[in-house]
Amino acid sequence: MLEENRECVEVKRVNRTDEMGQQSEVEVLVLENPIFAEKKSMVQMLDQDLLRKYILFSKKTVKPKLHNIDKVKIANFYAELRQKAMEGGGIPIATRHIESILRVAEARAKMHLRDYVRDDDVDMAIRMVLKSFIRSQKLSVRTNLERQFQSYLNFSKHSYELLLHKLETMVNDETWYRGSQDAYDEIALSFKDFQSKAADLNVHDLTDFLKSDRFKDSGFSWDGKDRIVKAFS
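Starting afresh in each chain, residues are numbered from 1 along the sequence in its written order. The predicted nature of this model means local features are confined to residues of pLDDT at least 70 and side-chain atom pairs, given and counted, to a pLDDT of 80 or more, with totals for whole chains, interfaces and linings taken over all residues. Excluded from the side-chain calculations are hydrogens and water; all other atoms, namely the structure's heavy atoms, are used.

### A look at the overall build of the chain
Looking only at helices and strands, the chain has ten helices and six strands in total. Should any heavy atoms of two residues lie within 4.5 Å, those residues are considered in contact. If you take every contact in the chain between residues at least 6 apart in sequence, the share linking residues at least 24 apart comes to 61%. Roughly 14600 Å² of accessible area belongs to the chain as shown, and the carbon and sulfur atoms make up 50% of that amount. A helix here means a DSSP run of H or I that spans at least four residues, while a strand means a run of E at least two residues long, and both kinds are numbered starting from the N terminus. For the area figures, the Shrake-Rupley method with a 1.4 Å probe applies, and any residue is considered shielded solely by the protein chains shown.

### Quick look at the pairing of strand 6 (residues 227-231)
DSSP-based pairing: two strands are paired if at least 2 bridges between them are found. Where strand 4 (residues 186-190) lies against strand 6, five bridges are found, and the strand directions are antiparallel. What sits directly across from Ala188, in strand 6, is Val229. Here three bridges tie strand 5 (residues 220-222) to strand 6, and the two strands are oriented antiparallel to one another. Its bridge partner being in strand 6, Phe220 is matched across the sheet by Lys230. In this antiparallel pair of consecutive strands, strand 5 and strand 6, the connection spans four residues, and Gly224 shows a positive phi of 85°.

### Details of the nonpolar core
In this structure, Phe77, Leu81, Val122, Leu130, Leu145 and Phe149 are the most contacted members of the largest nonpolar core, which totals 24 residues. Going through the elements one at a time, helix 2 (71-87), helix 3 (96-111), helix 4 (119-135), helix 5 (139-148) and helix 6 (150-153) are the ones with two or more residues in this core. For this core, the leading source of residues is helix 4, giving seven residues. Apart from residues lying up to four places away in sequence, Leu130 is in contact with Phe77, Leu81, Phe149, Tyr152 and Leu153. In this text, buried Ala, Val, Leu, Ile, Met, Phe, Trp, Tyr and Cys residues form a nonpolar core when linked through side-chain atoms within 4.5 Å. Summary of the burial criterion: residues with accessible area below 20% of their type's maximum are buried, those above 50% are exposed, and those between are partly exposed, where the area comes from a 1.4 Å probe applied to protein chains only.

### Section: the side chain of Ser58
Relative to the helices and strands, Ser58 is located in helix 1 (residues 48-61). For Ser58, a relative accessible area of 7% translates into the label buried. Engagement of the side chain of Ser58 in a polar contact is seen with the backbone oxygen of Ile55, the distance being 2.8 Å. Definition of a polar contact: a pair of N or O atoms within 3.5 Å, with one able to donate and the other able to accept a hydrogen when the atoms are protein atoms, and with sequence-neighbouring residues admitted only if both atoms are side-chain atoms.

### Thoughts on the side chain of Thr175
Within the secondary structure, Thr175 is located in helix 7 (residues 155-178). Given the relative accessible area of 9%, Thr175 is considered buried. A distance of 2.9 Å separates a polar side-chain atom of Thr175 from the backbone oxygen of Asn172.

### Side note on helix 3
The span one expects for a helix is its residue count, reduced by one, times 1.5 Å. Compared with an ideal rise of 1.5 Å per residue, which puts 16 residues at 22 Å, helix 3 spans 22 Å between its outermost C-alpha atoms and is within 8% of the ideal. What helix 3 keeps buried is the set His97, Ile101, Leu102, Ala105, Arg108 and Ala109. With its buried residues spanning 150° around the axis, helix 3 presents them on a single face. Directions are taken from the helix axis to each C-beta atom, and the arc is the one they span.

### Digging into the pattern of salt bridges
A side-chain nitrogen of Lys or Arg and a carboxyl oxygen of Asp or Glu constitute a salt bridge if their distance falls within 4 Å. Counted under the stated rule, the structure contains twelve salt bridges. A salt bridge links Asp49 to Lys53; its shortest N-O distance comes to 3.5 Å. One end of the pair, Asp49, and the other, Lys53, are both in helix 1, four residues apart, so they sit about a helical turn from each other. A residue is classified by how much of its surface remains accessible, and Asp49, at 40% relative accessible area, is partly exposed. Here Arg114 ties to Asp121 by a salt bridge, and the two come within 2.4 Å at their closest N and O atoms. Taken together, the shared-partner salt bridges in this structure form one network comprising Arg108, Arg114, Arg118, Asp120 and Asp121.

### Structural notes on the packing of helix 3 against helix 4
Between helix 3 and helix 4, whose axes approach to 8 Å, the crossing angle comes to 130°. Between helix 3 and helix 4, the crossing angle belongs to the class labelled oblique. Taken as a pair, helix 3 and helix 4 cross one another with a handedness that is right-handed. Here His97, Ser100, Ile101, Val104, Ala105, Arg108 and Ala109 of helix 3 lie close against helix 4, whose contacting residues are Asp120, Asp121, Val122, Met124, Ala125, Ile126, Met128, Val129 and Phe133. Between N-to-C directions, angles cover 0 to 180 degrees, with each direction set by a line fitted to C-alpha atoms, over the stretch in contact for helices. Note on angle classes: values under 35 degrees are labelled roughly parallel, values over 145 roughly antiparallel, values of 65 to 115 roughly perpendicular, and the remainder oblique. Two helices cross in a left-handed way if the nearer one is turned anticlockwise from the farther one by less than a right angle. They cross in a right-handed way if the turn is clockwise.

### Here's the deal with the packing of helix 4 against helix 5
Here helix 4 crosses helix 5 at 155°, and the two axes come no closer than 9 Å. The angle between helix 4 and helix 5 falls in the class roughly antiparallel. Along the contact surface, helix 4 presents Phe133, Ile134 and Arg135, while helix 5 presents Arg142, Leu145 and Glu146. Only Asp, Glu, Lys and Arg are considered charged, only Ala, Val, Leu, Ile, Met, Phe, Trp, Tyr, Cys and Pro nonpolar, and every remaining residue, Gly among them, polar. The residue makeup of the contact of helix 4 with helix 5, split by class, is three nonpolar, no polar and three charged.

### What to know about the packing of aromatic side chains
A pair of Phe, Tyr and Trp rings is counted when the ring centres sit within 6.5 Å of each other, with Trp represented by its six-membered ring. The angle between the planes then sorts it: under 30 degrees is stacked, over 60 is edge-to-face, the rest tilted. For the structure on display, the rule yields six aromatic pairs. Aromatic side chains Phe194 and Phe209 sit 6.1 Å apart centroid to centroid with 40° between the ring planes, which places their arrangement in the tilted category. Residue Phe194 is located in helix 8 (residues 191-200), and its partner Phe209 is located in helix 9 (residues 207-211); the two are separated by 15 residues in the primary sequence. We note that Phe194, like Phe209, is buried. With 5.3 Å between their ring centres and 65° between their planes, Phe209 and Phe215 make a pair best called edge-to-face. Comparing Phe209 with Phe215 shows no difference in burial state: the two are buried.

As structure tokens, then:
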């Protein structure tokens, strides 16, 4: 079952509040029900028995390879963070943190049952390790590091702007082909074409973007299947 439904696996990020009242972002595993996939997107939380089988399956059969990852990004991140932490008198980052980034990236790829580690796995791993490292610093250093490394902490928000640019380009191309934007109340775009363009940006999971206020406020909507619609007010 798990082997047949690799593409139905989805990992969503949700906010969780612990006993101390502190919020943290965690990833929750859901499995799309292929029976309803053609009608609408339905997901089901994995029960404990299936979750155990899933973990055993991934451990035995999935061995993600670190192939074509952005090693320069990791090296630059390490060098920059080490320098900034030492300048502020904080705890210096160690080489073991690089190992942690690689292992977390592999683990995330394994959760998705993928054979290769992708750039978005590395981005998420950097974000997790960075958040953990910053929280270990004293307040003055923590505040400074959070300000200086916003690009790593908010990489998804940066991706949103790039994705919106892709969508607007698709809209412009479509209106040019039709001849006039004023003649239409809305324009439908191919979701598969957008997925392909998003992959060029190394963005493979569009779930959060399609649910974001930024997407909706820009006049776009998604029918849950094969169309993204741009409405003109």
